[in-house]
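# Reading the structure
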Amino acid sequence: LKTIASLGYVGFECNNRLVQSEFARPAEARKKIEATGLQFIGMHMSIDEADAGLDAIAEGGAALGCQNIVMSAAGLSPTGAFTAEALAQKAERLERYGKICKAHKMTLAYHNHMPEFANHNAEMQGLVEHTSPDLVSFLMDAGHGYQGSGDPADFLRKNSGRLVGCHLKTFKNRTEQVPLGKGDFGFEDLAAAIRSTGWAGWLIDEEGGGKTADAEAVGPDREYIRKIFGV
């Protein structure tokens, strides 16, 4: 975390499994986190993990100062064609878990992969329209959105009030993650959408491994974010 802070980042995320060992001593762990000057943006988990016991994870995360439970699930269809019933069931499930997060003074933020942006952002937009803003927010993975042939900039323009953050990552040949600015797509249109809406959530550099060495990418990625987004 100290290295992340030294590169100019002001927050961090992690998988929930990486901090569960600290749930037994949250005050001590939270003090160490706060000493770095970084905000604990979110803990990631799958919706299936939530089925196994979200309450305990949310309680532990809240004690560490975590702001959001970032929850992902399988897309309803790789083509973006799904039934109204399937969408309603997924929306109900997210709202049910959103209530648990809210009880712990945390936000449930849904995190997409590629399928949710297929067919003109169909599933993502459907989830926005079928969930309560009091219970379900979104952490848009813009990299996966473009990778899935969607339009993350348009989604942000339409739904900026529901977004707590945006993941930034890019790819070559749709599969190989590379440092920001080195892939098949950039984020100029997303930056324009942010400026036009005045959105002020989290921009998050997400390193997914593969051939990209994390330590070699996060510094240059921070400079790219400054160049394109001005922050």
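Let us look at the structure shown here. Just so it is clear, the model here is predicted, and its values are computed rather than measured. (Residues numbered from 1 in each chain as written. Predicted model: local features only at pLDDT ≥ 70, side-chain atom pairs only at ≥ 80, totals over all residues. Heavy atoms only, no water.)

Quick look at the pattern of salt bridges now. Summed over the entire model, instances satisfying the criterion amount to 13 salt bridges. Salt-bridge contacts for aspartate 141 lead to lysine 169; the nearest nitrogen and oxygen are separated by 2.3 Å. Here aspartate 141 is found in strand E5 (residues 136–141), whereas its partner lysine 169 is found in the loop between strand E6 (163–168) and strand E7 (170–172), with 28 residues between them in sequence. Both residues of the pair, aspartate 141 and lysine 169, count as buried. Where glutamate 223 meets arginine 226, a salt bridge forms, and the shortest distance between an N and an O atom there is 2.5 Å. (Salt bridge = Lys/Arg side-chain N within 4 Å of Asp/Glu carboxyl O. Helix = DSSP H or I, 4+ residues; strand = E, 2+ residues; numbered from the N terminus. Buried < 20%, exposed > 50% of the residue type's maximum accessible area, 1.4 Å probe, protein only.)

Further remarks concern the packing of helix H4 (residues 84–103) against helix H5 (residues 118–129). In the contact formed by H4 and H5, the axes pass within 10 Å of each other and the chain directions differ by 55°. It follows that H4 is oblique to H5 by the angle criterion. Note that H4 runs across H5; the crossing there is right-handed. Of the residues in H5, those touching H4 at Leu87, Lys90, Ala91 and Leu94 are Glu123, Gly126 and Leu127. Partitioned by chemical class, the residues of the contact of H4 with H5 number four nonpolar, one polar and two charged. (Axes fitted to C-alpha atoms, helices over the stretch in contact; angles between N-to-C directions. Parallel < 35°, antiparallel > 145°, perpendicular 65-115°, else oblique. Left-handed = near helix turned anticlockwise from the far one by under 90°. Contact = heavy atoms within 4.5 Å. Nonpolar A, V, L, I, M, F, W, Y, C, P; charged D, E, K, R; others polar.)

With that settled, the discussion passes to the packing of helix H7 (residues 152–159) against helix H8 (residues 188–197). Two elements in contact, H7 and H8, have axes separated by 8 Å at closest approach and are oriented at 10°. With respect to each other, H7 and H8 are oriented roughly parallel. Packed against H7, whose contacting residues are Pro152, Ala153, Leu156 and Arg157, the element H8 presents Asp189, Leu190, Ala193, Ile194, Ser196 and Thr197 at the interface. By residue class, the composition of the contact of H7 with H8 is six nonpolar, two polar and two charged.

This paragraph deals with the sheet that holds strand E2 (residues 39–46). Pairing between sheet strands relies on hydrogen bonds along the backbone, with the strands arranged either parallel or antiparallel. Here we have seven strands laid out as an open sheet, ordered E1-E2-E3-E4-E5-E6-E9, and parallel in their pairing. Each having just a single partner strand, strand E1 (11–15) and strand E9 (202–205) make up the two edges of the open sheet. Ignoring which end each strand starts from, the neighbouring axes of this sheet average 25° apart. Summarising the sheet, E1 and E2 pair through five bridges and their orientation is parallel. Residue pairing across strands places glycine 11 opposite glutamine 39, the latter belonging to E2. H4 rests against strand E3 (68–72), strand E4 (107–111) and E5 of the sheet, and its axis sits at about 145° to E4. (Pairing = 2+ DSSP bridges.)

This part is about the pairing of E4. Each regular strand shows side chains that alternate between the opposite faces of the sheet. In terms of residue burial, E4 counts as a mostly covered element, since four of its five residues are buried. In this structure, E3 lies alongside E4, joined through five bridges in parallel fashion. Directly across from asparagine 68, in E4, lies its bridge partner threonine 107. Between the parallel elements E3 and E4, the chain passes through H4 in a crossover that is right-handed. Here E4 pairs with E5 via four bridges, running parallel. (Right-handed = clockwise from strand over helix to strand, strands pointing away.)

Take the packing of aromatic side chains next. For any pair of aromatic rings, the description consists of the separation of the ring centres together with the inter-plane angle of the planes. On inspection of all chains with the given rule, the structure shows seven aromatic pairs. Aromatic pair phenylalanine 12 and phenylalanine 40: ring centres 4.6 Å apart, planes at 15°, arrangement stacked. Taken together, the residues phenylalanine 12 in strand E1 and phenylalanine 40 in strand E2 connect sequence positions 28 residues apart. Taken as a pair, phenylalanine 12 and phenylalanine 40 share a single burial class, namely buried. Relative to phenylalanine 155, the ring of phenylalanine 138 lies with its centre 6.3 Å away and its plane at 75°, an arrangement referred to as edge-to-face. Of this pair, phenylalanine 138 sits in strand E5 while phenylalanine 155 sits in helix H7, placing them 17 residues apart in sequence. In terms of burial, phenylalanine 138 and phenylalanine 155 fall into one category: buried. Through successive ring pairs, a cluster of aromatic residues spans Tyr110, Phe117, Phe138 and Phe155. (Phe/Tyr/Trp six-rings, centres within 6.5 Å; stacked < 30°, edge-to-face > 60°.)

All right, on to helix H3 (residues 47–63) then. Each α-helix winds once per 3.6 residues, and so residues spaced three or four apart point in a common direction. An ideal rise of 1.5 Å per residue puts 24 Å on 17 residues; H3 reaches only 21 Å between its terminal C-alpha atoms. When the local axis directions of H3 are compared, the greatest deviation, roughly 95°, occurs at glycine 53. Taken together, the buried positions of H3 are Ile47, Ala50, Leu54, Ile57, Ala58, Gly60 and Gly61. Where the residues of H3 are buried, they touch E2, E3 and H4. Positive backbone phi, approximately 90°, marks glycine 65, located one or two places after H3. (Expected span 1.5 Å × (residues − 1). Bend = angle between axes of the 7 residues up to and from the residue.)

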